[in-house]
Amino acid sequence: MNLILDPLGYAFFVRALAASAIVGLVCATVGSYMVLRGLAFMGDALSHSAFPGVVAAYFLKAPFYLGASIAAVGTALAIGWVTRQGKVRGDTAIGVIFAGMFALGVFFFSLIPNYVGDLFGFLFGEVLGIGVGDLVALSVLAAFVLVTVALLWKELLYATFDPLGAAASGLPVGKLDYLLLALIALTIVISLQSVGIILVVAMLVTPAATAQLVSQSFGRLVVLAIAVGIVCPMVGLYISYWANSASGATIVLVETAVFTIVLVATSLAGRYRHAGASARAERAGSGSR
Amino acid sequence: MTATPGAVQVDAGSVAADGPMAVRLVGVDAGYGDRIALEEMNLDIPVGALVAIVGPNGGGKSTLLKLIAGLLRPWTGTVEVLGAPAGRESRRVAYVPQAELVDWTFPVNVWNVAMMGRYPRLGPLHQPGKKDHDAVEAALERVGLSDRSRSPIGALSGGQRRRAFLARAIAAEADLYLLDEPVTGVDVPTQEAIMDLLAAEADRGKSVVATTHDLAAAARHFRSIVAVNRCIVASGPAEIVTNADVLARVYGDHLLMLGDRLAVLDDSHHHDDPSGSERHFHEGKRGGGA
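Because the structure is a prediction, the values reported are computed rather than measured.

**Digging into the overall build of chain A**
Inference 1: Scanning chain A for helices and strands turns up 10 helices and zero strands.
Inference 2: Along chain A, from the amino end to the carboxyl end, the secondary structure elements read α-α-α-α-α-α-α-α-α-α.
Inference 3: Principal axes of the C-alpha set define a box for chain A whose edges measure 85 × 60 × 35 Å.
Inference 4: A buried classification covers 46% of the 289 residues belonging to chain A.
Inference 5: Once local pairs closer than 6 in sequence are excluded, the contacts in chain A between residues at least 24 apart make up 74%.

Below is the structure:
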């Protein structure tokens, strides 16, 4: 029995591995900007807002990607617009709209006469159930998001670091804000089948948050986030295969564990350095006395 | 006329009269939401000027800077920058925000920050090339940060951080530098170093407009002054801030006479209190002018 190779004999496992690597790559890339902008709560809100789109698509027998994209991107633009009106705070606007959208999804869901297993999968993810068509669809969407970020990475970076300076020097900061929200929404749509509505925020935020602990330049942050974002879901998938545990939750737990280990390690290293420095200072002090 | 001789007239909005203008405001009212912050602004700032915008907290210094930067649209009137409506010549404008508004834990180094100045002129499809690297190198050289180019921005001292942002403005090859409180919260030698750099930029034809609530710094380091408290109260050469009458008009109740010395009580809650001293000040001004 080979722990690594045995599962690869199953086509569904290989598809799941490919899907989680692609999802991890896109999530970590977009998530790097989210973490630096403080948009974690926004990510959670947008994923919940995709739910009514998924249910509506199910009703209409349309592809779920379409329904989820319309709902999530629409919500992203609506939150952006309400926030820009300046009548309520941004987090308030997010709270109102996201709860309303999720309630709409539950409302539609409750109208379905019989239990719908595959719809339930969207809440917690079912990466092992991903088909060839799903893999193609999410690859196309992923390519679109990655190409957009590749073309606009420096504009998005400038607008994130110093929005006033960027706007004054002619960058369309307002449009870039909307674009980032739309990219987050699309990334969530790409991830829904793998990790589900409730856990997708971890895929977006945790790899970048882990990378941020040990990065002092943006390039390094993105590279490390992508490494964590690709490797963790694959490890999680193997664990879930052998432990027969829920795949989405296992993937997220692996990412959370890596974040926790890096956080503790950097804190301990910082304390060690600090203790070493003060010990040296004390020695120097007593020596001069 | 109760004004003492030498007092600058309220309606004399010009910092200087001849030559091309870097900034021109005509009949500008502006504010946020339905709250007015500046009214009846007329102001000319010539190319090559080194101007400080002074005034009490909440008096509209930062608002004026944002109008010039094109970050805020006027309610009425026109704002012209470098001969075009504000925002049109934005690639020739560099804006440096207040230090408190910058996230100093952001994972960028000094080189990255200066390179951002090149981004607007590069455009979305182009990556930085040799010309951009040379421009960044020259800018870091000019501000004296060549040896710190790989340092994270958060590892720098307050003065070095401001110099890094100044390098961004220089790398951008901007013609108008707008700086929000560039010498606030740094010690006097650091102030001198920053102001020497800004003076050198003005000498090579750049226009420099900076806000400051530090009157001593304004008088010592800048060549002209615009005093703002909801409207332009006074403007002219830097010496005007040592004029007691001008100070009284700029700061109103916030001015304290201590024998033959003047002290400005900088009240940070001032702008939250529209019914307070600001109105007081305006009544005083109108009474004096009648």
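**Some points on the overall build of chain B**
Inference 1: The number of helices and strands found in chain B is nine helices and 12 strands.
Inference 2: Considering chain B as a whole, with its 290 residues, one finds that 47% of them fall into the buried category.
Inference 3: In chain B, once contacts between residues fewer than 6 apart in sequence are set aside, the share between residues at least 24 apart is 69%.

**Digging into the pairing of strand S10 (residues 231–237) of chain B**
All names here are of chain B.
Inference 1: Across the seven residues that make up S10, a large majority, six, are buried.
Inference 2: The pairing of strand S9 (residues 224–229) with S10 spans six bridges and is antiparallel. If you follow Ala227 over to S10, its bridge partner there is Ala234.

**Considering the sheet that holds S9(B)**
By way of backbone hydrogen bonds, the strands of a sheet pair with one another, either parallel or antiparallel.
Residues and elements named next belong to chain B.
Inference 1: Across the sheet, which stays open at both edges, the six strands sit in the order S6-S7-S8-S3-S9-S10 with mixed pairing between neighbours. Taken across any chain shown, the strands that pair with only one partner, and hence form the sheet edges, are strand S6 (93–96) and S10. Neighbouring strand axes in the sheet, compared pairwise and without regard to direction, differ in orientation by 15 degrees on average.
Inference 2: When strand S3 (residues 50–54) meets S9, the two strands line up parallel, connected through four bridges.

**Some remarks on the interface of chain A and chain B**
Inference 1: Facing 22 residues of chain A, the contacting portion of chain B comprises 25 residues.
Inference 2: At the level of elements, helix H6 (132–161), helix H7 (163–168) and helix H9 (218–243) of chain A are the ones that each hand at least two residues to the side of chain A that touches chain B.
Inference 3: Sorting elements by how many residues they give to the side of chain A that touches chain B places H6(A) first, with six residues.

**Describing helix H2 (residues 40–60) of chain A**
Residues and elements named next belong to chain A.
Inference 1: Under the 1.5 Å per step criterion, the end-to-end length of H2 is 31 Å for 21 residues, consistent within 8% with the ideal 30 Å.
Inference 2: Among the 21 residues of H2, 15 are classified as buried, and the element is accordingly described as predominantly covered.
Inference 3: Following H2 by one or two positions, Lys61 has its phi on the positive side, about 55 degrees.

**Quick look at the pairing of S3(B)**
All names here are of chain B.
Inference 1: S3 sits mainly inside the fold: five of its five residues count as buried.
Inference 2: In this structure, S3 lies alongside strand S8 (residues 207–211), joined through four bridges in parallel fashion. Within S8, the position partnered with Ala52 by the bridge is Ala210.

**Considerations on unusual backbone geometry**
Inference 1: Backbone geometry places B:Leu82, a non-glycine residue, at a positive phi of 55 degrees.
Inference 2: Along the chain, B:Leu82 turns up in the loop between strand S4 (76–81) and strand S5 (84–85).

**Observations regarding the confidence of the model for chain B**
Residue and element names in this part refer to chain B.
Inference 1: Looking at chain B, the pLDDT average stands at 82 and 79% of residues meet or exceed 70.
Inference 2: The model gives residues 1–13 a pLDDT under 50, and that stretch makes 20 contacts with residues more than four places away or in other chains.
Inference 3: Below pLDDT 50 for its whole length, residues 267–290 participates in 21 contacts with residues either more than four positions away or in separate chains.
Inference 4: For this predicted complex, the interface confidence reaches an ipTM of 0.85, while the overall pTM sits at 0.86.

**A short note on the packing of H2(A) against helix H8 (residues 173–212) of chain A**
Residue and element names in this part refer to chain A.
Inference 1: Look at H2 against H8: their axes get within 9 Å of each other, and the N-to-C directions meet at 110 degrees. Regarding the angle of H2 to H8, the classification is roughly perpendicular. Residue-level inspection shows Ala40, Met42, Gly43, Asp44, Leu46, Ser47, His48, Ala50 and Phe51 of H2 in contact with H8, the latter providing Ile184, Ala185, Ile188, Val189, Leu192, Ile197, Val200, Val201, Leu204 and Val205.
Inference 2: Its residues placed into classes, the contact of H2 with H8 shows 15 nonpolar, three polar and one charged.

**Considering the confidence of the model for chain A**
Inference 1: Mean pLDDT over chain A stands at 90; residues scoring 70 or higher make up 94%.
Inference 2: Confidence, read as mean pLDDT per element, is least for helix H5 (residues 117–124) of chain A in chain A (75) and greatest for H7(A) (96).

**Some thoughts on the sheet that holds S4(B)**
Residues and elements named next belong to chain B.
Inference 1: Reading across the sheet, the four strands line up as S2-S1-S4-S5 and stay open at both edges, with antiparallel pairing between neighbours. One side of each edge strand has no neighbouring strand; the edge strands of this open sheet are strand S2 (35–46) and S5.
Inference 2: Here strand S1 (residues 21–32) pairs with S4 via five bridges, running antiparallel. Pairing of Val23 across the sheet is with Val81, part of S4.
Inference 3: Relative to S1, helix H1 (residues 61–69) is tilted by about 120 degrees, and along the sheet it contacts S1, S2 and S4.

**What about the environment of A:Pro113?**
Inference 1: For A:Pro113, the location among the structural elements is in the loop between helix H4 (90–111) and H5.
Inference 2: A sequence separation of 80 residues divides A:Pro113 from A:Tyr33, and the C-alpha atoms of the two residues are 41 Å apart.

**Re the environment of B:Val143**
Residues and elements named next belong to chain B.
Inference 1: Within the fold, Val143 resides in helix H4 (residues 130–143).
Inference 2: In this structure, the C-alpha to C-alpha distance between Val143 and Cys231, residues 88 residues apart in sequence, is 35 Å.
Inference 3: Leaving out residues up to four positions away in the same chain, Val143 has contacts with Arg163, Leu166, Ala167 and Leu197.

**As for the packing of helix H1 (residues 11–37) of chain A against H9(A)**
Residue and element names in this part refer to chain A.
Inference 1: Where H1 meets H9, the closest approach of the two axes is 8 Å, and the angle between their N-to-C directions is 150 degrees. By the criterion of interaxial angle, the relationship of H1 to H9 is roughly antiparallel. Here H1 runs over H9; the crossing is right-handed.
Inference 2: For the contact of H1 with H9, the class distribution of residues is 19 nonpolar, six polar and no charged.

Definitions and limits used
- The numbering scheme is per chain: residues are counted from 1 as the chain's sequence reads.
- Whichever chain is written first becomes A and whichever ligand is written first becomes 1, with later ones labelled in order.
- Local features in a predicted model are, by the rule used here, given only for residues with pLDDT of at least 70; side-chain atom pairs are given and counted only at 80 or more, and totals for whole chains, interfaces and linings are based on all residues.
- Helix and strand assignments follow DSSP, with helices taken as H or I runs no shorter than four residues and strands as E runs no shorter than two, numbered in order from the N terminus.
- Partly exposed residues are those whose C-beta has more than 12 but fewer than 20 other C-beta atoms within 10 Å; with 20 or more the residue is buried, with 12 or fewer it is exposed, and the C-beta atoms are placed from the backbone.
- Throughout, a pair of residues is in contact if the C-beta atoms placed from their backbones lie within 7 Å.
- Note on pairing: DSSP must find at least two bridges between two strands before they are called paired.
- The axes used here are C-alpha line fits, helices contributing only the stretch in contact, and every angle between their N-to-C directions lies in the interval 0 to 180 degrees.
- Helices are assigned an expected span. That span is 1.5 Å times one less than the residue count.
- Residue-level confidence of the predictor, termed pLDDT, takes values from 0 up to 100.
- Angles below 35 degrees are treated as roughly parallel, those above 145 as roughly antiparallel, those between 65 and 115 as roughly perpendicular, and all remaining angles as oblique.
- Classification used: nonpolar for Ala, Val, Leu, Ile, Met, Phe, Trp, Tyr, Cys and Pro, charged for Asp, Glu, Lys and Arg, polar for all others including Gly.
- With the far helix as reference, a near helix turned anticlockwise by less than a right angle produces a left-handed crossing, and one turned clockwise produces a right-handed crossing.

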